[in-house]
Amino acid sequence: MANKTAVQATINGEDVEFLCEPHQSLLEVLRDVLRLTGTKEGCNNGNCGACNVILDGVLVNSCLVLGVEAQGKRITTIEGIAPPHGLHPLQQKFLEHAALQCGICTPGFIISAKALLDHKPHPSEHEVRHWLAGNLCRCTGYDKIVRAVLDAADVMAVEVSK
Amino acid sequence: MLRHTTNWVTKPANRVDGPDKANGAAKYAGDYRVPGQLVTRALRSPIPHARITRLDTSAALKVPGVLAVITSDDFVDHGRFGFPVADNFILAYQKVRYVGEGVAIVAAVDADAAEAGVNAIELDLEQLPVIEDMEQALRPDAPVIPDVVTEGSKKGQPNVCLTQIVRNGDPEPIIAASPVQLDQTYATPFQEHAYLEPEAVLSIPNPDGSVIIYACDQSPFNNRGIAAAVLGLPEDKVRVIQAIVGGSFGGKDEGVYQMSAQTAKLALLTNRPVGMVFSREESIIVSYKRDASKIRVRLGADKDGKLQAAKVEAWLDGGAYSAETVLTAWRAAMHLAGAYTYQAVTGDVHVLYTNNNYSSAFRGFGNTEAVACIEQAIDEVAEQVALDPIDMRLKNIIGKGDRTMTGATLNQEVGLRACLEWVRQKSDWDRKRREFPAQNKNARYRKGIGVACYFHGMGLGGEGVDFANATIAIERDNSVTLTNGLTDYGTGARTVFTLIAADVLGARPERIKVLLTDTETAINSGPTVASRASVVGGNATRVAAEKIAQLLTFAAANLFKCAPAQVLRDKEAFIGPDEEPVDFDTVVNHARQLGYVLSAHGRWQLPVIHWDFEKGTGTPYVGYTFGAQIVEVTVHTGTGRVQADRIWAAHDIGKVLFPEGAYGQLYGGITQGLGYGLMEEVEINHGYIHNVNFDDYIIPTAMDVPPIEATFVEAPFHLGPYGAKNVAEPSMLGVAPALANAVYHATGKRIRELPLTPERVLLGHALHNDDHGDNSRLWLGYADGLRKVRITQAA
Ligand code: FES
Ligand code: FES
């Protein structure tokens, strides 16, 4: 049994301390240690985006980040973006546009889209497609996902201006 | 008489499973964790074909943390299974026939212990000659792959599993006498399903010796049947619960059944829960593919382009085990010559064994391959007679009352002409067909536009009896619980069932909950395949809901003291002769007071049709869906790179019950078709898969999918609920051949081999990577040299 390292991080706004082995990825820590299974594994090699989380404001493939690298960082996963008892506008728009089918890619897309809108509240369609090209979806053909993100951007802009 | 209001069906609706999927709460089988859960690791074959001369697992059992090891010996009849041909095993028996085939599974307390256990297993393999392609499979001296007697055995070709045929007259003399003839051979690639969720199952033992299997499977009842048989248990000792499935597209049948039986056996042996989750590499190496095909098309036409006869022969690379390719071949045969009328057609589809992984169901199920080829051939004939490709099709397509290529008379509304006309007009086809060829021959970028159309038989057809069972119950809190034996693996079927029940009952969709399919609570409905959930499962739901609706009408009539026929409905309200509305809850409560039992079972079956497999004649399907697609491309003449610029798609899928869901299926199918046409090919060299993850096996991203303009031509189908047909499979059919036709329009090069990679477009052939299996061996655990697998040459 390898030596485990104690890591402190802020996950979805909560201070968390966990033990992890040096070789464990952040994805494994989230899913197996912290049981935040909303973050999915689709490829484990940085090609599908199903595992995406936001780490100190930066979108990352959590399968390519080590658990120990989370020390002192702030992490946002799909479980942490909705207000209590509600849905984030992106989640709401994914529902309205039927932008999800099997849903396994959905957390990754929503987190990626959130990272985009955090930096760029009014992206063009091309920017959305380009940004989301790191997320694979086998069910939807992407069109509805792109519509949902653009629509959510509009709604969020209105909310901000209020 | 109950009226069919449509308060919810056909209207905008949210998926019933949407919120949980959007907020990360939805649990897939790989997300499950229960106390005491063991993990597994597999010993898999590192070579494509070998005899197992020794297999000793005793040392593995002594590894600390290892609790059980299983091989084929742990199953009844060595775990033999397979329908219609029982040539497959839960774990390899006597031979391994493809790279990655499971030989033994270790269950242990953690991954390190399981891996150490696998490394302790001693396996001796005596190498056998490898059949790398279909030509080799047909050679008289070819080693025989299957251990069952095949149809081909009688003709000296034991690697021919069987041949599915169509016999509609004799095309030979008609083609010979035709002024216009075509004889071309086309090829299609192995395709990976690439569901984003790698396979996962969890088996939990019960104190009474029974077992629960949570699986990402497509058809839980088939899973239960196989598991019970190989475990030697009665079916009621095996309960299969379908977890939320992260995509399937036909891909989560046999392979997941193997995993289910393996983990169930280990759970029973150890009395501990056992989980098994594939990595992406394991998924791609081990799971089955869409078969690769070669299809020779011979057509005869008159000089005006009227098709006269077709003779088509196809060879499908079924790989090491026949799985559902036997049925795929039948469906391919039923569609080989396309949606056209002919005087005579014959078709022969041969299923061949090779050592290339194995093939089974994948969206379109044989028709994808058939359409990909015939639709290029039709363009080639059109060119010979100087007809526009759409005019060529309009001249020849089937309509109501016509005989299809199989000789059966088409007895339904046909929206195909409308589909072709819609895409023609929307895409500005006529202008583009005229203007694109006038581009400068040496231009770096050249544009082209191409079309394809298709028909697709609905449901199982001659493959089996097409029925489904649904149950419905109004609970104490007046919510409604539905079950259906047909499942939802991401398709939206649960939402469709909800909307139908809502409409028939006059109950808000929010009241209704569709349970995930559980063999203990739902009633066996056969496999969930062939896009049959909406029609067959939807009708079963309708039948069950109508029984309850009738009781509620009686209860309301009793309340209003009027005749049942006088009760009117408006959404949830019941309205009697005095026009005072009474709400749903009041009527339900009154029905209970009257002693009515508010639960019901509905069964529905498509009319039985008959196909004679020996003669190749009969009626293959009760009906068809139709569609037409146009793709506009830009080809980079220096690199051969093809970019799809725009797609137009019109599909006759009958009445659309859940529009958002149907469009989602359509875009998704078109995107898979785009991948099939442009970039997707499982490269198998010497029996080894080269592209084992998404860095090498490329599927379309949001940047690859062009704007899609789509419509549904709703020619109502008399047997469907509300006139619905199916959409899931047909949506991908036309894209690949339309792409090939567009590339020809742009470049004048007819490729005839999919996918249209830059090499093929530029050089006319593929460049193959000469991988001798390093990738596969790495991911199967052979890289560090710790496996105790000895490989010897046959003496
Ligand atoms: S699982 Fe991390 S990118 Fe696919
Ligand atoms: S919804 Fe299934 S992979 Fe995206």
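Residues numbered from 1 in each chain as written. Chains lettered and ligands numbered in written order. Predicted model: local features only at pLDDT ≥ 70, side-chain atom pairs only at ≥ 80, totals over all residues.

Moving on, we get to the overall build of chain A. If you tally the helices and strands in chain A, you get 5 helices and 5 strands. Written out in order from the N terminus, the α and β elements of chain A read β-β-α-β-β-β-α-α-α-α. In terms of overall dimensions, chain A is globule-like: its C-alpha atoms have a radius of gyration of 16 Å, near the 15 Å expected for 162 residues. Projected onto its principal axes, the C-alpha positions of chain A cover 50 × 35 × 25 Å. Split into buried and exposed, the 162 residues of chain A put 57% on the buried side. For chain A, the proportion of contacts with a sequence separation of at least 24, taken over those separated by at least 6, is 58%. (Helix = DSSP H or I, 4+ residues; strand = E, 2+ residues; numbered from the N terminus. Rg over C-alpha atoms; globule rule 2.2 N^0.38 Å. Buried ≥ 20, exposed ≤ 12 C-beta atoms within 10 Å, placed from the backbone. Contact = placed C-beta atoms within 7 Å.)

With that settled, consider the nonpolar core. Residues and elements named next belong to chain B. Counting residues in each nonpolar core, the largest one holds 319 residues, and the members touching the most others are Val201, Ala501, Leu739 and Val743. Here this core gets 13 residues from one element, more than from any other, and that element is helix H15 (residues 533-560). In contact with leucine 739, not counting residues within four places along its chain, are Gly450, Val631, Val633, Val642, Ala644, Gly677, Leu678 and Leu756. (Core = buried A, V, L, I, M, F, W, Y, C linked by C-beta atoms within 7 Å.)

Attention now goes to the packing of helix H14 (residues 493-505) of chain B against H15(B). Residues and elements named next belong to chain B. Where H14 meets H15, the closest approach of the two axes is 9 Å, and the angle between their N-to-C directions is 30°. By the criterion of interaxial angle, the relationship of H14 to H15 is roughly parallel. Note that H14 runs across H15; the crossing there is right-handed. Along the contact surface, H14 presents Ala493, Val496, Phe497, Ile500, Ala501, Val504 and Leu505, while H15 presents Ala533, Ser534, Gly537, Gly538, Thr541, Arg542, Ala545, Glu546, Ile548 and Ala549. A breakdown of the residues in the contact of H14 with H15 according to their chemical character gives 11 nonpolar, 4 polar and 2 charged. (Axes fitted to C-alpha atoms, helices over the stretch in contact; angles between N-to-C directions. Parallel < 35°, antiparallel > 145°, perpendicular 65-115°, else oblique. Left-handed = near helix turned anticlockwise from the far one by under 90°. Nonpolar A, V, L, I, M, F, W, Y, C, P; charged D, E, K, R; others polar.)

It is worth spelling out the pairing of strand S7 (residues 102-108) of chain B at this point. Residues and elements named next belong to chain B. Buried residues dominate S7, accounting for 7 of its 7 residues. Direction of pairing for strand S1 (residues 39-44) relative to S7: antiparallel, over a ladder of 6 bridges. The residue of S7 that forms the bridge with arginine 41 is valine 106. Two elements, strand S3 (residues 66-70) and S7, share 4 bridges in a ladder whose sense is antiparallel. Paired with valine 69 across the bridge in S7 is valine 106. (Pairing = 2+ DSSP bridges.)

Quick look at the environment of Ser359(B) now. Residues and elements named next belong to chain B. Along the chain, the position of serine 359 falls in the loop between strand S17 (344-352) and helix H10 (367-384). Judged by the 29 C-beta atoms lying within 10 Å of it, serine 359 falls in the buried class. Between the alpha carbons of serine 359 and glycine 723 there is a distance of 34 Å; along the sequence they are 364 residues apart. With residues near it in sequence (within four places) discarded, serine 359 still touches Tyr288, Lys289, Arg290, Asp291, Leu316, Asp317, Gly318, Gly319, Ala323 and Thr325.

Residue and element names in this part refer to chain B. Of all the 5 residues making up strand S20 (residues 480-484), 4 are buried; the element is thus mostly covered by neighbouring parts of the structure. Bridge analysis of strand S19 (residues 467-474) against S20 gives 5 bridges, and the strand direction is antiparallel. Bridge pairing in S20 places alanine 473 opposite threonine 481. The antiparallel pairing of S19 with S20 creates a hairpin that spans 5 residues between the two strands, and asparagine 478 there sits at a positive phi of about 65°. With 3 bridges joining them, S20 and strand S21 (residues 512-514) adopt parallel strand pairing. Directly across from threonine 481, in S21, lies its bridge partner lysine 513.

Now for the interface of chain B and chain A. Across the boundary between the two partners, chain B contributes 43 residues, which contact 41 residues of chain A. Taken together, the elements giving at least two residues each to the side of chain B that touches chain A come down to helix H1 (18-23) and helix H17 (659-678) of chain B. In terms of residue count, H17(B) provides more of the side of chain B that touches chain A than any other element does, 7 residues in total. When the residues that make up the side of chain B that touches chain A are grouped by side-chain class, the tally is 18 nonpolar, 15 polar and 10 charged.

All names here are of chain B. Buried within helix H16 (residues 584-593) we find Phe584, Val587, Val588 and Ala591. Take H16 and look down its axis: the buried residues cluster within an arc of 100°, on one side only. With respect to the buried face of H16, the exposed residues turned more than 90 degrees away are Asp585 and Gln593. Close packing links the buried residues of H16 with S19, H15, strand S23 (573-575) and strand S24 (581-582). (Arc of directions from axis to C-beta.)

The next point concerns the sheet that holds strand S13 (residues 238-242) of chain B. Residues and elements named next belong to chain B. Ordered by their spatial adjacency, 4 strands build an open sheet running S13-S12-S11-S14, and the pairing between neighbours is mixed. Each of the sheet's edge strands pairs with one partner strand only, and the pair in question is S13 and strand S14 (274-277). The average angle at which neighbouring strand axes cross in this sheet is 15°, direction not considered. The sheet contacts of helix H7 (residues 254-270) involve strand S11 (200-205), strand S12 (211-215), S13 and S14, and relative to S11 the element is tilted by about 30°.

Moving on: the sheet that holds strand S33 (residues 788-793) of chain B. Residue and element names in this part refer to chain B. Strand order in the open sheet made by the 4 strands is S6-S2-S8-S33, with mixed pairing throughout. The sheet terminates laterally at strand S6 (95-96) and S33, the two strands that pair on one side only. Judged from the 6 bridges that link them, strand S2 (residues 50-56) and strand S8 (residues 122-127) form a sheet pairing that is antiparallel. When the sheet's bridge partners are listed, arginine 51 is paired in S8 with glutamate 126.

On to the domain arrangement of chain A, then. Residue and element names in this part refer to chain A. In terms of domain boundaries, chain A breaks down into domain 1 (5-79) and domain 2 (89-161). Here the C-alpha centroids of domain 1 and domain 2 sit 21 Å apart. The interface of domain 1 with domain 2 comprises 13 residues on the first partner and 12 residues on the second. In terms of residue count, the dominant contributor to the side of domain 1 that touches domain 2 is strand S3 (residues 52-55) (3 residues). When grouped by side-chain class, the residues that make up the side of domain 1 that touches domain 2 number 7 nonpolar, 5 polar and 1 charged. (Domains from an automatic or database assignment.)

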